[in-house]
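Tertiary structure, described
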Amino acid sequence: MKMNGAQMVCEALIAEGVKTVFGYPGGAIMNVYDEIYKQDGFEHILNRHEQAAVHAADGYARATGEVGVAMVTSGPGFTNAVTGLATAYMDSIPLVVISGQVPLSLIGTDGFQEIDAVGISRPCTKHNYLVRELSELPRVLKEAFHIARSGRPGPVLVDIPKDITAEFGDFVYPDSVNIESYKPTVKGNNRQIDKAVEAIIKAKKPLLYIGGGAVLSNASDLIRQLAEMTQIPAVETLMARGVMGDSNPLLIGMLGMHGNYASNMAMSETDLVIALGARFDDRVTGKLSEFARYADIIHVDIDAANIGKLVDVDYPIVGDLRNVVENMLTGLEGAVKPARYSDWREILNQYDTLHPLSFQDSDEVIKPQWVIERIGQLLGEQAIITSDVGQHQMWVAQYYPFDRPRQWINSGGLGTMGFGFPAAIGAKRGCPDKTVINITGDGSILMNVQELVTAAEYKIPVINVILNNHFLGMVRQWQSFFYDQRYSETDLSFQPNFKALAEACGGIGYDVTTKEEFDAALQDAIEQNRVTFINVAVNRFENVLPMVPAGGALYNMILADKKETK
Amino acid sequence: MMAETRRVISVVVENESSVLSRVSGLFAGRGYNIDTLTVAPLPGTNRSRITIVTKGNERILEQITKQLHKLIPVYKVVEHEEMIEKEMVLVKFPIEESLADIQALCEAYNGGIVNVGVHMIIGMVADEPNRIRHFIEATSRYNPIEIVRGGVVAIER
Ligand SMILES: Cc1ncc(C[n+]2csc(CCOP(=O)(O)OP(=O)(O)O)c2C)c(N)n1
Ligand SMILES: [Mg+2]
């Protein structure tokens, strides 16, 4: 069929089953927007900032497992989108971002709103394209979706010069992709898997170390089976919360810088680490030479470059987690008695009894951890929780009872403040039946606060719970611990009127200073079905504990004061 | 710290405009070392071969190979072990120097005189990288005006 490049873009999106595109128009992408106006195959959400558009597409992708799509114009539109690309890249989130570019004839001339998008985004995309002729556009779009979602997922940028979107040509959307130089390894090597199974059978203190890859590969059910069958205890990274399920007795908790005592001790004492889609991030391992120092390591990952990058691995297995764990299950069937690791589990239970995850609740002031526990009690599995970056993020990871994968959406790798609200908008669009709550901080929320307008316009009822400590709390905590309480530029005493701000943009605001007010506000916010800010005044100087100081060994934690148990 | 070793890597890539920046950007962004980098199209294909001389400890060298593999337009990464390695150098000498001596020197390193003009003599040598180093040292007594070194190319034996 004959059509212009802009129409081809729309047709390709429809062929890929895209239902929602998040974006922001401008000169170089206007031809595509003109076709968006004419079509009704997908909806377009006009975010109020390109960064937010990409985060929204990202939140959509994380919540649904599908490829998220965002569209921006050239120059500043694209540069605004870069933080979104980098955020998705660090957490391996499948996105296709389409950017307009100046016409081919102007490329290289410092034309109006020209910027080298492919050059800038190279280190923060899985792959990117500058389309050079119309005839390659359908193939490039097809490949972009394929690359984004296959192998280790990631964002793909397609930069399209304006004249190409205007030009007419034949459109045939390819139904398959063949990129000879790109063939991700999906099937794990059977001999390696057999060896790993042997190692598991011989181990006395094995530990499942579950990472975000478990969510990305939808392997949660199989990993739960693996744990169940072998009765091997598990720790989760920040990105894997929900994989085992909060009520699972085999889940020890989250490990790492703000992991609980038993999880970090488990990692320090295990004799066999079974790493499933985890990448030994420095926020997880602490001092590398002390990390899992008594253990052999099985590492399963779809990305060969993750294996052996930071630690020496004894049983490397490159492959998709679903495939590998399925094979492990076959190999382990009947091979381990459930009682085999009971002494090990008992040790870990004792550690947990010794130093449980805990905080000192109060009747005078709301503790941020209480708010999170409360939301968990009231909504539990029914909610999707997004967050920004800071103390509140860590408290959510520690205290929210996540029951399933894709219930917890946060920027782990890049740690992008401003991610939570737009991501919540995307998640809500993808999962309209869930209550979507962004648990955020008074610093972070301002980094994409304009999305109030987006959420109000499109009636996307996202609840933002602002844990307001009048501080850039996480930085303040480091200043308290490591910089002699010199609170350099972290005091946020000067604040906007959050309630009024929400209302000025078409939302609803609540100021909350007591637990009762919080319950009432949350209840009302759920019923109102509109975008809301619940501004909760919380204890200013609360710290996230336990804490492994950066670069320290996992077993050397700053613990909550013993008296402070609940 | 693990010991650093030298490694010659050949990367066969799709001939697309940004592929060289993907490869060199990977090295820059991840802090890997590039001693030399040579690139040319492979005859009769739409592919190019990039030859990189790098150094690093074992973990880094393994990462370099794996990260290169991850680039979408990369077909093949060869870490050379048994190889023939050659590098080329062009040297410009003042015409006042002894043509015969320079010719003898170049021939000792598998090369020769490639041009003699009114003001200068140009010699060319292609040899193994450490022999090239020796050759360049040896040229110093003939007051070279300009030395242009090519990168390493290698082929598996
Ligand atoms: C875009 C961006 N800028 C700076 C930082 C560094 N940073 C990490 S946490 C934090 C404080 C966040 O404050 P707030 O949102 O109020 O959360 P709190 O820690 O108080 O819960 C800062 C500034 C970051 N992660 N992202
Ligand atoms: Mg704060």
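Residues numbered from 1 in each chain as written. Chains lettered and ligands numbered in written order. Predicted model: local features only at pLDDT ≥ 70, side-chain atom pairs only at ≥ 80, totals over all residues. Heavy atoms only, no water.

**Observations regarding the site of ligand 1**
Residue and element names in this part refer to chain A. To keep it simple, the criterion reads: Definition of nearness: a residue and a molecule or strand are near each other if at least one heavy atom of the residue lies within 4 Å of the molecule or strand. Under this definition, polar contacts are N or O atom pairs within 3.5 Å; protein pairs additionally need one hydrogen-donor-capable and one acceptor-capable atom, and for neighbouring residues in sequence, both atoms have to be side-chain atoms. Values of accessible area rely on a 1.4 Å probe in the Shrake-Rupley scheme; residue burial ignores everything except the protein chains shown.
Contacts to ligand 1 come from 17 residues, most closely from Gln 391, Gly 415, Ser 444, Gly 473 and Met 474. Between Gly 443 and ligand 1, the recorded distance is 2.9 Å, taken from a backbone N or O atom to an oxygen atom. Within the backbone of Phe 471, an N or O atom sits 3.0 Å from an oxygen atom of ligand 1. Bound to the protein, ligand 1 loses 76% of the 590 Å² it would expose on its own.

**Description of the confidence of the model for chain A**
The test is simple: Note on scores: pLDDT gives the predictor's confidence for each residue, bounded by 0 and 100. What counts as a helix is a DSSP run of H or I of at least four residues, what counts as a strand is a run of E of at least two, and both are numbered from the N terminus.
This prediction gives chain A a mean pLDDT of 97; 99% of its residues lie at or above 70. Mean pLDDT in chain A bottoms out at helix α12 (residues 282–285) of chain A, which sits at 96, and peaks at helix α3 (residues 50–64) of chain A, which reaches 99.

**Notes on the pattern of salt bridges**
Just so we agree on the cut-off: The term salt bridge refers to a side-chain nitrogen of Lys or Arg lying within 4 Å of a carboxyl oxygen of Asp or Glu.
Counting across every chain of the model gives 39 salt bridges over all chains. In this structure, Arg139(A) and Glu136(A) form a salt bridge, with 3.6 Å as the shortest nitrogen-oxygen distance. Several salt bridges converge on common partners, so that one network encompasses Lys86(B), Asp127(B), Glu128(B) and Arg131(B).

**Regarding the domain arrangement of chain A**
Residues and elements named next belong to chain A. The criterion, for reference: An automatic or database domain assignment is the source of the domain bounds shown. It only takes one pair of heavy atoms within 4.5 Å for two residues to be counted as in contact. Summed over both partners, the accessible area lost on bringing two parts together, with a 1.4 Å probe, is the buried area. Under the scheme applied here, ten amino acids are nonpolar (Ala, Val, Leu, Ile, Met, Phe, Trp, Tyr, Cys and Pro), four are charged (Asp, Glu, Lys and Arg), and all others, including Gly, are polar.
Under the domain assignment used here, chain A contains domain 1 (2–170), domain 2 (190–354) and domain 3 (368–537). Between the C-alpha centres of domain 2 and domain 3 there is a distance of 31 Å. At the junction of the two partners, domain 2 supplies 18 residues and domain 3 supplies 17 residues. Where domain 2 abuts domain 3, roughly 1,400 Å² becomes buried across the two surfaces, and 58% of that area is made up of carbon and sulfur atoms. A per-residue breakdown of the area domain 2 buries against domain 3 is headed by Leu 238, Arg 241 and His 258, which together make up 41% of the total. Where domain 2 packs against domain 3, one counts 0 salt bridges. In this assembly, domain 2 and domain 3 are joined by 8 residue pairs in polar contact (both at pLDDT 80 or more). Taken together, the elements giving at least two residues each to the side of domain 2 that touches domain 3 come down to α9 (213–216) and α10 (220–230). For the side of domain 2 that touches domain 3, a count of residues per class yields 7 nonpolar, 6 polar and 5 charged.

**Details of empty space enclosed by the protein**
Picture a little ball the size of a water molecule; that probe, rolled over the atoms, points out where space is still empty. All names here are of chain A. Formally: Of the grid points, spaced at 1 Å and generated over the protein atoms alone, those admitting a 1.4 Å probe that cannot get out make up cavities, while open sets with protein on both sides within 12 Å along at least five of seven lines make up pockets; any residue with an atom within 4 Å of a point is treated as lining. Grid points are joined across faces, edges and corners, and a volume is the space filled by probe spheres set on the points.
This model, assessed by the stated rule, comprises 2 cavities of 30 Å³ or more. Volume-wise, the second largest cavity comes out at about 30 Å³. Surrounding the second largest cavity, Glu 236, Arg 241, Gly 242, Gly 245, Asp 246, Leu 251, Tyr 400 and Phe 402 form its lining. In terms of residue class, the lining of the second largest cavity is made up of 3 nonpolar, 2 polar and 3 charged.

**What to know about the nonpolar core**
Nonpolar side chains in soluble globular proteins generally cluster together in the buried interior. So the rule is basically this: What makes a nonpolar core is a set of buried Ala, Val, Leu, Ile, Met, Phe, Trp, Tyr and Cys residues whose side-chain atoms join them at distances within 4.5 Å. For the exposure calls, accessible area comes from a 1.4 Å probe over protein chains only, and a residue counts as buried if that area is under 20% of its type's maximum, exposed if over 50%, partly exposed in between.
Counting residues in hydrophobic clusters, the biggest one holds 63 residues, and the most contacted among them are Tyr209(A), Ile223(A), Met267(A), Ile298(A) and Met328(A). Counting residues in hydrophobic clusters, the runner-up holds 45 residues, among them Phe22(A), Ala61(A), Ala81(A) and Ile384(A).

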